[in-house]
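Here is how the chains run, residue by residue.
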Amino acid sequence: MDPSEILKQTNFTTLDWVIVIIYPLISVGIGLYVRKYVRNMKDFVVAGRGMGLWLGIATITGTELGLITVMYSAQKGFTGGFAAFHIALAAGIVTFIVGITGFLVYRLRKLEVMTIPEFYEKRFDRKTRILGGIMMALGGILNMGLFLKVGSMFLVGITGLSSTGWALPAVMVFLIVLVLIYTCLGGMISVVIADYVQFVVLSLGLLLTCYLAVNHLGWDNIFTTVKQEMGRGGVDPTVAESGFGWEYMIWMGFLGLVNCGIWPTSVARALAMKSPKVVKRQFMFASISYMIRFLIPYFWGICAFVFIMHNTELKELFFPGGYPAPKGAGGFDNLYSMPVFLGRILPAGLIGVITAGMVAAFMSTHDSYLLCWSSVLTQDVVAPIRESFGKTTSAKARVTLSRVFIIVIGVYVLYWGLIYNGRDDIWDYMAVTGAVYFSGAFALLLCGLYWKRASSTGAFLALLTGLGAILGLSPVQELLNVKWPSANVGLCTIGATVLAMIVGSLLFPDRKNDLPAGETETKGAA
Amino acid sequence: MSIEAWMTLWKIVLIGGVTLFAVLAVVVTVGGFFDVIKLLANLRKDAGQSDS
């Protein structure tokens, strides 16, 4: 059985191609149009700090509801069934609590910093800012290494292009070039407007697709099939057979906090809001988006599973040894399951709109991530290092440098997407790579914002301890000949970073210890 | 919890979540449009001031 022949069976038509090609060009047009408003780094990075509440919610949703999220979440729904819903629920509840309390984000916005490492310098010292910037960029760029490939797999799957020939790399090159052009041109201003357009298109697409999926498969049939095929593990996340368990659920709860309150692309949206009070409202409303960005793609993944289980040809393709798949049975990459499903149930025309929405989601995530990591490298690594040598970096030079970093990171993402050939669970890969940054950042933000005695030595040690998260990566574990669940490694690393922060601060207090803490307390008091 | 109880919970989460999102989508689409206009107007004003 030739997988390419099966993938070709899609409702995607020429009309849909026209829709998909025109849409990104409109985004490029927006980038060109708003370019004239970018006058300094503040405009480029935080859109002049002029975002209203509703635009703030649209842009935070546009960024966090990317195509990569849709793909890895659909994969989780496909493999984990309804039990995966606990991740969505945790994300929504934790974000809502952050919105009510203002935990982390309120104080950060009040300090009027542009990036998290800038806070590190304000609260600790310059070396912490530089190390924090390097760790953030390292974890973040590693984290987005698979974005381009996974996004392109969606396009290949839904359009019926060959999964093995020229199509995948060609689509990857086309998409990354478009993203690089308009991110470089407009900075945050073009990003937030593109995010808004993406929110509108994608919201409609998400809701309509859910309706069509239920209409095609039948509401009861979806639940009955999952129960029959997956058993208790398909609905109950607390049992081991679900592939989750209690440790994993706690880890997901923490990731819910990371996603909204620590992850820099999300925090960047909070820092771009008009005032700290608006930030709290932004997160309260956005908690719905934070839940939905997982919930709906999980549901699509579940629907794809049900669809495939009722289709002999596709079942044979994805589960050649039957279901549940025996060890080493192989099978077609399950990341293709959701796009193949959508390609078969959505009608021509609508499939183009949905795909355009997904391309928008893809571009929206890329622009935000590229902008975030490039500005961190410029603002928090290069500029402070130059300042240490008595050299200043002009506003114009900073914008230019950020644009250079955007292109360099874009080339890396393309390179990594072309050479990477793994079959890992994408969500778990991302959680581990992200933990390289966020486990240290959590300790620094928590203690830096809420504990007067937190010192720069403690902060430095905590950041370095965060590197322990790479032990959760399977290639590293294979190298060390150990097998630890990534959730356990992640939780242990978090505990270790907080411990390093506390012990380091108590043993090596800052000489000017009361000044920054008192200053932070004054500036950042809720 | 029984399997049926879990399934009921996830049905409620799914229907409730999608409904809330549908309402949010309408509100944000309208409110966001006016925010975009305000943002561009402010930036235009700032650009005008710095030119003069």
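The shown structure was predicted, so the numbers you read here are calculated from the model rather than taken from an experiment.

**A closer look at the overall build of chain A**
Part 1 of the reasoning: Of regular secondary structure, chain A possesses 24 helices and 0 strands.
Part 2 of the reasoning: The buried share of chain A, reckoned over its 526 residues, is 61%.
Part 3 of the reasoning: Within chain A, counting contacts between residues at least 6 apart in sequence, those at least 24 apart form 85% of the total.

**Some words on helix 4 (residues 53–64) of chain A**
Residues and elements named next belong to chain A.
Part 1 of the reasoning: Between its first and last C-alpha atoms helix 4 spans 16 Å; for 12 residues at 1.5 Å apiece the expected length is 16 Å, and the two agree.
Part 2 of the reasoning: With respect to burial, helix 4 is a largely interior element, 12 of its 12 residues being buried.
Part 3 of the reasoning: Within helix 4, burial applies to Leu53, Trp54, Leu55, Gly56, Ile57, Ala58, Thr59, Ile60, Thr61, Gly62, Thr63 and Glu64.

**Digging into helix 14 (residues 264–271) of chain A**
Part 1 of the reasoning: The element helix 14 of chain A is extensively covered by neighbouring structure, given that 7 of its 8 residues are classed as buried.
Part 2 of the reasoning: Listed in full, the buried residues belonging to helix 14 of chain A are Pro264, Ser266, Val267, Ala268, Arg269, Ala270 and Leu271 of chain A.

**Notes on the confidence of the model for chain B**
Part 1 of the reasoning: With 85% of its residues at a pLDDT of 70 or more, chain B has an overall mean of 84.
Part 2 of the reasoning: Reported for the predicted complex are a pTM of 0.82 and an ipTM of 0.87.

**Some words on the interface of chain B and chain A**
Part 1 of the reasoning: Contacts between the two partners involve 27 residues from chain B and, on the opposite side, 33 residues from chain A.
Part 2 of the reasoning: Classifying every residue of the side of chain B that touches chain A by side-chain character gives 18 nonpolar, 6 polar and 3 charged.

**Notes on unusual backbone geometry**
Part 1 of the reasoning: Phi angles above zero are rare outside glycine, and Leu104 of chain A is one such case at about 70°.
Part 2 of the reasoning: Assignment of secondary structure puts Leu104 of chain A in the loop between helix 6 (85–101) and helix 7 (105–110).

**Structural notes on the nonpolar core**
Part 1 of the reasoning: Counting 190 residues, the largest nonpolar core has Met71, Ile262, Leu295, Cys303, Ala304, Leu444 and Met501 of chain A as the members making the most contacts within it.
Part 2 of the reasoning: Tallying contributions element by element places helix 15 (residues 276–309) of chain A first for this core, with 21 residues.

**Section: the packing of helix 6 of chain A against helix 15 of chain A**
Residue and element names in this part refer to chain A.
Part 1 of the reasoning: The interhelical angle for the contact between helix 6 and helix 15, taken along N-to-C directions, is 175°, at an axis separation of 7 Å. With respect to each other, helix 6 and helix 15 are oriented roughly antiparallel. Seen from helix 6, the contacting residues are Phe85, Ile87, Ala88, Leu89, Ala91, Gly92, Thr95, Phe96, Val98, Gly99 and Ile100; seen from helix 15, they are Lys280, Phe283, Met284, Ala286, Ser287, Ile288, Tyr290, Met291, Phe294, Leu295 and Tyr298.
Part 2 of the reasoning: When grouped by side-chain class, the residues that make up the contact of helix 6 with helix 15 number 17 nonpolar, 4 polar and 1 charged.

**So, the environment of Ile308 of chain A**
Residues and elements named next belong to chain A.
Part 1 of the reasoning: Relative to the helices and strands, Ile308 resides in helix 15.
Part 2 of the reasoning: Residue Ile308 is classed as buried on the basis of its 23 C-beta neighbours within 10 Å.
Part 3 of the reasoning: Residues Ile308 and Ser474 lie 166 residues apart in sequence; the distance between their C-alpha atoms is 29 Å.
Part 4 of the reasoning: Contact partners of Ile308, with chain neighbours within four places excluded, come to Leu314, Lys315, Phe318 and Ser337.

Conventions adopted
Residues numbered from 1 in each chain as written. Chains lettered and ligands numbered in written order. Predicted model: local features only at pLDDT ≥ 70, side-chain atom pairs only at ≥ 80, totals over all residues. Helix = DSSP H or I, 4+ residues; strand = E, 2+ residues; numbered from the N terminus. Buried ≥ 20, exposed ≤ 12 C-beta atoms within 10 Å, placed from the backbone. Contact = placed C-beta atoms within 7 Å. Expected span 1.5 Å × (residues − 1). pLDDT = per-residue confidence, 0-100. Nonpolar A, V, L, I, M, F, W, Y, C, P; charged D, E, K, R; others polar. Core = buried A, V, L, I, M, F, W, Y, C linked by C-beta atoms within 7 Å. Axes fitted to C-alpha atoms, helices over the stretch in contact; angles between N-to-C directions. Parallel < 35°, antiparallel > 145°, perpendicular 65-115°, else oblique.

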